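# A look at the structure
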Amino acid sequence: MRSYTTFSLQYAHRFYGFKGEAQYLHGHTGILTIEVEDSINAGVNMVFPCNEIQKTAWDILRNFDHALILREDDPLLPAILDVYEKQGIKNGHPQNTMKGPAFKTALATAYPECRLVVTKETMTVEGMIKIVYDLLKKKLNIAKITFTSGANAASQEFPVECTVKRCPLCGIALDENGVCPKCGYKGA
């Protein structure tokens, strides 16, 4: 069975090198849906608490909300960083409170202090699905991700290995020591 949750992300990007309207810097409201699959946890009668999917994913996804997403070879990137430097916001601002932890993967790097995500490939709906799966596959038993942005949409299903161990009392993921961070249950 599956549990799922949806996120709304506001972001700006462009398709560097693309011939068409998307080559210009523009913004979107993206809707991201993450479906998690596992057996029903008998102790709490659910696959995974949806609010816990939300918390786990949002910790990373907040880096994409109200962010600029540019490809690493986009010549606009150094210009943006220069403006941010001159404006005094490149290394953060007290009002920048929506930031998640910085990350660096083969597909993307987040610079939360300046609300910037730099990607290896052009940030399409398909690209966002690849990035999100790469960031969350070890935290959630992801079965499917769907991303809609404007008139564009894509989804991908993933093989589920059910490797994320869950608490039998409240259903959330156990930490690396087999302890539930919510209720303190200690796995055997």
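Computed from a prediction, not measured in an experiment: that's the story for all the values here.

What counts and how
- Residues numbered from 1 in each chain as written.
- Predicted model: local features only at pLDDT ≥ 70, side-chain atom pairs only at ≥ 80, totals over all residues.
- Heavy atoms only, no water.
- Pairing = 2+ DSSP bridges.
- Helix = DSSP H or I, 4+ residues; strand = E, 2+ residues; numbered from the N terminus.
- Phe/Tyr/Trp six-rings, centres within 6.5 Å; stacked < 30°, edge-to-face > 60°.
- Buried < 20%, exposed > 50% of the residue type's maximum accessible area, 1.4 Å probe, protein only.
- Core = buried A, V, L, I, M, F, W, Y, C linked by side-chain atoms within 4.5 Å.
- Contact = heavy atoms within 4.5 Å.

### As for the pairing of strand S8 (residues 152–157)
With six bridges joining them, strand S7 (residues 142–149) and S8 adopt antiparallel strand pairing. In the strand pairing of S8, Ser-149 is matched with Asn-152.

### As for the packing of aromatic side chains
In total, this model carries five aromatic pairs according to the counting rule given. Ring centres of Phe-15 and Phe-18 lie 5.5 Å apart, and the angle between their planes is 90°; on these two criteria the pair is classed as edge-to-face. Its relative accessible area of 17% is what places Phe-15 among the buried residues. Both rings, one in Phe-64 and one in Phe-103, keep their centres 6.1 Å apart while their planes meet at 35°; by these two values the pair is tilted. Separated by 39 residues along the polypeptide, Phe-64 in the loop between helix H1 (50–61) and strand S3 (67–71) and Phe-103 in strand S4 (residues 103–104) bring together distant segments of the chain. Overall, the relative accessible area of 0% leaves Phe-64 in the buried class. Under the relative-accessibility criterion, Phe-103 is labelled buried at 10%.

### Some thoughts on the pairing of strand S5 (residues 108–111)
Looking at chain direction, S4 and S5 are connected through two bridges and run antiparallel. Pairing of Phe-103 across the sheet is with Ala-110, part of S5. Hairpin connection between S4 and S5: a loop of three residues separates the two successive antiparallel strands. Note: S5 against strand S6 (residues 116–119), four bridges, orientation antiparallel. When the sheet's bridge partners are listed, Ala-108 is paired in S6 with Thr-119. Here S5 folds back onto S6 in antiparallel fashion, the turn holding four residues, of which Arg-115 has a positive phi close to 55°.

### Focus: the nonpolar core
Counting residues in hydrophobic clusters, the biggest one holds 33 residues, and the most contacted among them are Leu-32, Ile-34, Leu-61, Phe-64, Val-132, Leu-136 and Phe-147. Secondary structure elements with two or more residues in this core: strand S1 (2–13), strand S2 (26–37), H1, S5, helix H3 (125–136) and S7. Apart from the residues lying within four places of it in its own chain, the contact partners of Phe-147 are Leu-9, Tyr-11, Gly-30, Ile-31, Leu-32, Met-123, Val-125, Met-128, Ile-129, Asn-152, Ala-153 and Ala-154. With eight residues, the next largest nonpolar core counts Leu-70, Leu-77, Ile-80 and Leu-116 among its residues.

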